[in-house]
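For reference, the chains in residue letters:
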Amino acid sequence: HDAGYSSPEKIIGLCDLSMPWVHTAQACRSEEMEIMRNRHSRLNQEESHTDRYGRAVWINSSKVPLINSQNEMVGTLGMYSDITEGVKARQQLKESQERLVFAVEGAGDGIWDWNIDTGDLVFTGNYEGMLGYEKGEIGNHVNSAKQQVHPADVAHASVAMANYLAGQSPSYSVEMRLRCKNGDYKWVLSRGTIVARNDQGKPTRMIGVRSDISAR
């Protein structure tokens, strides 16, 4: 059905050279001969084929040798799963992430990804450069980030985050001063959203953007 045939009867008895994927038939046969010669399996390989209508079809393919009761090699058994939609979704996600990173880096902003359970932070874009640091110079834990906040801004920044995580605020957006590498302070706008929760509904991951608003 995935190849464009409406029933098994349409495909039974045909060889690879009669199928829509004729251009890959020889490679498949060579692979199957190797499986038979070496008596080993090949599992979970993603393959791209073309169905009878010329559409790209992605499958997850596994092949194992077939051995009869006399320990004779008689062929191979192949198992296929249509993963076209999953591959498309994965590609769309990748493209969406690339567009986001391009947009953020173009604006000079920084992205932060916070594992709330462990406190670990992942930075991308201009997160570190915004404060004059090289990549890797800022500790990747939330405690390191907190230490950069101006003492006069710690309280309202903490309250803003706590209210958002507790569901008392519909969004997280706070203006605060952060200490640069040279000791000066820079005004930034930090915005974020919860992207994952556990089974009890507790937030476990948050992603946000930090923008330099010093000029304003």
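Residues numbered from 1 in each chain as written. Predicted model: local features only at pLDDT ≥ 70, side-chain atom pairs only at ≥ 80, totals over all residues. Heavy atoms only, no water.

The terminal C-alpha atoms of helix 4 (residues 154–165), which comprises 12 residues, lie 17 Å apart, in line with the 16 Å expected from a rise of 1.5 Å per residue. The set of residues buried in helix 4 consists of A157, M161 and Y164. Across the axial projection of helix 4, the buried residues extend over an arc of 65 degrees, all falling on one side. Buried residues in helix 4 make contact with strand 4 (110–115), strand 6 (172–179), strand 7 (185–197) and strand 8 (203–212). Just downstream of helix 4 lies G167, where phi reads positive at about 85 degrees. (Helix = DSSP H or I, 4+ residues; strand = E, 2+ residues; numbered from the N terminus. Expected span 1.5 Å × (residues − 1). Buried < 20%, exposed > 50% of the residue type's maximum accessible area, 1.4 Å probe, protein only. Arc of directions from axis to C-beta. Contact = heavy atoms within 4.5 Å.)

Moving on, we get to the environment of V74. Mapped onto the elements, V74 comes out in strand 3 (residues 73–82). Look at V74 and you get exposed, because its relative accessible area is 54%. Sequence separation between V74 and M36 is 38 residues; the distance between their C-alpha atoms is 8.1 Å. Not counting chain neighbours up to four residues away, the residues in contact with V74 comprise M36, L66, I67 and N68.

Turning our attention to the nonpolar core. By size, the foremost hydrophobic cluster in this structure holds 24 residues, and its most contacted members are W112, W114, L121, Y172, M176 and M206. Contributions of two or more residues to this core are made by strand 4, strand 5 (121–125), helix 3 (142–146), helix 4, strand 6 and strand 7. In terms of residue count, the dominant contributor to this core is strand 6 (four residues). (Core = buried A, V, L, I, M, F, W, Y, C linked by side-chain atoms within 4.5 Å.)

In this section: a nonpolar patch on the surface. Residues L66, V74, L77 and M79 make up a contiguous nonpolar surface patch of roughly 340 Å² in combined accessible area. The biggest single contributor to the nonpolar patch is strand 3, with three residues. (Patch = residues over 30% accessible without salt bridge, like charges linked within 9 Å, V, L, I, M, F, W, Y side chains within 5 Å. Areas by Shrake-Rupley, 256 points an atom, 1.4 Å probe, with all protein chains shown as cover. Salt bridge = Lys/Arg side-chain N within 4 Å of Asp/Glu carboxyl O.)

Turning our eyes to something else, we now look at the layout of surface pockets. The rolling of a water-molecule-sized probe over the atoms marks out the regions of remaining empty space. Empty space within the second largest pocket amounts to approximately 460 Å³. Forming the boundary of the second largest pocket are 18 residues, of which V142, K146, M161, Y172 and M176 lie nearest the centre. Top contributing element to the lining of the second largest pocket by residue count: helix 4, with five residues. Of the residues that constitute the lining of the second largest pocket, the class distribution is 14 nonpolar, two polar and two charged. (1 Å grid on protein atoms, 1.4 Å probe; cavity = no way out; pocket = protein on both sides within 12 Å on 5 of 7 lines; lining within 4 Å. Points joined across faces, edges and corners; volume = space filled by probe spheres on them. Nonpolar A, V, L, I, M, F, W, Y, C, P; charged D, E, K, R; others polar.)

As summarised here, the arrangement of the three strands in space is 1-2-3, forming an open sheet in which the pairing is antiparallel. What marks the edges here is a single partner per strand, and that holds for strand 1 (42–50) and strand 3. Between one strand axis and the next, the sheet turns through 35 degrees on average, direction left out of account. Sheet analysis places strand 2 (residues 56–67) next to strand 3, joined by nine bridges and oriented antiparallel. Bridge pairing links V64 to L77 in strand 3. (Pairing = 2+ DSSP bridges. Axes fitted to C-alpha atoms, helices over the stretch in contact; angles between N-to-C directions.)

A few words on the sheet that holds strand 8. The pairing of strands in a sheet happens through backbone hydrogen bonds and is either parallel or antiparallel. Read from one edge to the other, the open sheet built from five strands follows the order 5-4-8-7-6, with strand pairing classed as antiparallel. Looking at which strands have only one partner, the edges of the open sheet turn out to be strand 5 and strand 6. Shown here is a sheet whose adjacent strand axes are inclined to one another by a mean of 25 degrees, direction ignored. As paired elements, strand 4 and strand 5 share five bridges and run antiparallel to each other. For W112, the partnering residue across the bridge sits in strand 5 and is F123. Lying over the sheet, helix 4 contacts strand 4, strand 6, strand 7 and strand 8, oriented at roughly 150 degrees with respect to strand 6.

Here the focus is unusual backbone geometry. Most peptide bonds are trans, and most residues other than glycine sit at a negative phi. The phi angle at R39 is positive, at roughly 55 degrees, despite the residue not being glycine. Residue R39 is classed as partly exposed on the basis of its relative accessible area, which comes to 37%. Positioned with a positive phi, N44 is a non-glycine residue whose angle comes to about 50 degrees. By the element assignment, N44 lies in strand 1.

On their own, these measurements won't tell you what the molecule is for.
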